[in-house]
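Read off the chains here:
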Amino acid sequence: MINENPWLEPFWERLTAAHRQNRLPHALLLTGQPGMGKAVFAEKLARFLLCEQPTDGRSPCRQCTSCTLFEAGSNPDYIRLTPEEDSRVIKIDQVRQLSENLSLTSHGNGFKVAILIPADALNINAANSLLKTLEEPSDNTVLVLVSSHPSRLPATIRSRCQEVRIQAPDRESATRWLTARYDGPSPEVYLALANGAPLRAMQLAKEQVLEERQRRFRVLVGIHAGQESPLTVAQDWAADEDLKGLRWMREWLMDMLRIRLSGQTQGIHGVDLQEGLTVLARKLDSRVLFGQLDGINRMLKLADSTLNRQMLMEDILLAWAEQASGN
Ligand SMILES: [Zn+2]
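Residues numbered from 1 in each chain as written. Predicted model: local features only at pLDDT ≥ 70, side-chain atom pairs only at ≥ 80, totals over all residues. Heavy atoms only, no water.

Caption draft 1: The arrangement of the overall build of the protein chain in detail. Across its full length, the protein chain holds 15 helices and 5 strands. In terms of overall dimensions, the protein chain has C-alpha extents of about 70 × 45 × 30 Å along its principal axes. Relative to all contacts within the protein chain whose residues are 6 or more apart in sequence, the contacts with residues 24 or more apart total 69%. Surface summary for the protein chain: the accessible area is close to 16,900 Å², and the carbon and sulfur share equals 46%. The centroid of the 38 positive side-chain charges in the protein chain is displaced by 4 Å from the centroid of its 40 negative side-chain charges. (Helix = DSSP H or I, 4+ residues; strand = E, 2+ residues; numbered from the N terminus. Contact = heavy atoms within 4.5 Å. Areas by Shrake-Rupley, 256 points an atom, 1.4 Å probe, with all protein chains shown as cover. Lys, Arg positive; Asp, Glu negative; His and termini not counted. Charge placed at Lys NZ, Arg CZ, Asp CG, Glu CD.)

In structure tokens:
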């Protein structure tokens, strides 16, 4: 898996070397944006740490009892903590069970490994409970916390983990990687959309998200031109499960600000919409753009819990429509 994702290689080298030298910390915090392969990395690391005879001391052998059990999903020394079904959070009972399990003797090579994914899903009680385990780790246990949003973790947790920040490969290698696996149009656009994260770009390319996204952009331009009803669109966009229309709108506003402030299109996300974004950016006031961004960020923060998504979405799109009349 690491070989398939070459940008992970240096991080793999670093951690496996640390393990060979017996200086792997008890708790790792694996961070980096979504679509970098953090989850597969954490799983492979667990497999490696539990393997009885790693190949060249660098990779799990895939043959020993531990590797075989791992493959079958039944290695008793491996614990994977995620939110339970129908829940967004990792609960205290799950963490208690984890701590109990970690205090038992290993069945295999002496190690026990737990991964928490996403670690920012720990609710406050669960986080407090985990803190005890982090403060008094049992010997030969390794906890791997995986998070794309480490700032959402309590500082007390973060400070007790060694952070490994997985970085995106340079754009050229990422494009090479993507084009070897995807032969459709616009690989570089997908990479820009994914902020350079190769697996995320691949997923977007597979979902052929570009067409839908461009359609939404035209809708936004339509609202701005008074040809689309913000209320109808709000109803539509509020129904997106992941609020993708709103997330795209946020990206476009940031792009417009960038164009407006720097006078250039370099570094924008919407490389496929360069022309339209430039036209809009020229018409809009940066203060207004900042105001809209604020509104969207507020809504995205509330979106997890809010029941009145549609109302909030209406506010945002009405404000967007009003800008046009004001200009
Ligand atoms: Zn093995």
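Caption draft 2: Summary view of the coordination of the zinc ion. Within the protein, the atoms that donate to the zinc ion are C51 (SG), C61 (SG), C64 (SG) and C67 (SG), at distances of 2.3 Å. Each of the 4 donor atoms bound to the zinc ion contributes to angles spanning 104 to 119 degrees, and the resulting shape is tetrahedral. Taken in sequence order, the residues that donate to the zinc ion follow the motif C-x9-C-x2-C-x2-C. Of this pair, C51 sits in the loop between α2 (38-50) and α3 (65-71) while C67 sits in helix α3; the two residues are 16 residues apart in sequence, bridging distant segments of the chain. According to the relative accessible area criterion, C51 is buried, its value standing at 3%. Judged by relative accessible area, C67 falls into the buried class, the value being 1%. (Donors = N, O, S within 2.8 Å, 3.2 Å for Na, K, Ca; no water. Tetrahedral: all angles 85-135°; square planar, octahedral: opposite > 155°, others 65-115°. Buried < 20%, exposed > 50% of the residue type's maximum accessible area, 1.4 Å probe, protein only.)

Caption draft 3: Spotlight on unusual backbone geometry. Backbone torsion omega between I117 and P118 reads -10 degrees, so that peptide bond is classified as cis. Mapped onto the secondary structure, P118 falls in the loop between β3 (112-116) and α5 (124-135). A positive phi angle, close to 70 degrees, is found at D86, a residue other than glycine. Its location among the elements puts D86 in the loop between β2 (78-81) and α4 (92-103). Accessibility expressed as a relative area gives 82% for D86, which makes it exposed.

Caption draft 4: Highlighting the pairing of β3. Most of β3 is tucked away, with 5 of its 5 residues classed as buried. The side-chain alternation of β3 yields two buried faces, one formed by K112, A114 and L116 and the other by V113 and I115. Pairing analysis gives 4 bridges linking β2 to β3, with the strands arranged parallel. Considered in β3, the bridge of R80 is made with I115. Bridging between β3 and strand β4 (residues 141-147) involves 5 bridges; their strand directions are parallel. When the sheet's bridge partners are listed, A114 is paired in β4 with L143. Each parallel crossover has a hand, and the one from β3 via α5 to β4 is right-handed. (Pairing = 2+ DSSP bridges. Right-handed = clockwise from strand over helix to strand, strands pointing away.)

Caption draft 5: Representation of the nonpolar core within the structure. Formed by 78 residues in total, the largest nonpolar core has its most connected members in V144, Y190, M249, W252, M256, M313 and W320. Here this core gets 8 residues from one element, more than from any other, and that element is helix α12 (residues 244-262). Residues in contact with M313, not counting those within four places in the same chain, are A234, W237, A238, L243, L246 and M299. I90, L98, L102 and L134 belong to the second largest nonpolar core, which has 23 residues in total. (Core = buried A, V, L, I, M, F, W, Y, C linked by side-chain atoms within 4.5 Å.)

Caption draft 6: Geometry of the confidence of the model for the protein chain. Scored by pLDDT, the protein chain has a mean of 91; 97% of the residues are at 70 or more. Taken element by element, the predicted model of the protein chain shows its lowest mean pLDDT in helix α15 (residues 309-326) (83) and its highest in strand β1 (residues 27-31) (98). (pLDDT = per-residue confidence, 0-100.)

Caption draft 7: Representation of α2 in the model. With 13 residues, α2 extends 18 Å from end C-alpha to end C-alpha; this agrees with the ideal 18 Å at 1.5 Å per step. Buried residues dominate α2, accounting for 10 of its 13 residues. Within α2, burial applies to K38, F41, A42, K44, L45, A46, R47, F48, L49 and L50. On its buried face, α2 is in contact with α1 (9-20), β1, α3, β2, β3 and β4. (Expected span 1.5 Å × (residues − 1).)

Caption draft 8: Molecular detail of the pattern of salt bridges. The final tally for this structure, using the stated rule, is 15 salt bridges. R47 is the salt-bridge partner of E71, the closest N and O atoms lying 3.0 Å from each other. Of this pair, E71 sits in helix α3 while R47 sits in helix α2, placing them 24 residues apart in sequence. The network of salt bridges with shared partners includes E212, R215, R216 and D240. (Salt bridge = Lys/Arg side-chain N within 4 Å of Asp/Glu carboxyl O.)

Caption draft 9: Structural view of helix α11 (residues 230-238). Listed as buried for α11 are P230, V233, A234, W237 and A238. Down the axis of α11, the buried side of the element spans an arc of 125 degrees, and every buried residue falls inside it. (Arc of directions from axis to C-beta.)

Caption draft 10: How the structure looks around the packing of aromatic side chains. This structure, assessed with the given rule, holds 6 aromatic pairs. Note on W12 and F41: the rings are 5.6 Å apart at their centroids and 90 degrees apart in plane angle, and the pair reads as edge-to-face. Placement of W12 in helix α1 and of F41 in helix α2 is noted, with a sequence separation of 29 residues between them. Across the pair, exposure class does not vary: W12 and F41 are buried alike. Above the face of the W12 ring, K44 is positioned so that its terminal group lies 5.0 Å from the ring centre. (Phe/Tyr/Trp six-rings, centres within 6.5 Å; stacked < 30°, edge-to-face > 60°. Lys NZ or Arg CZ within 6 Å of the ring centre and 35° of its normal.)

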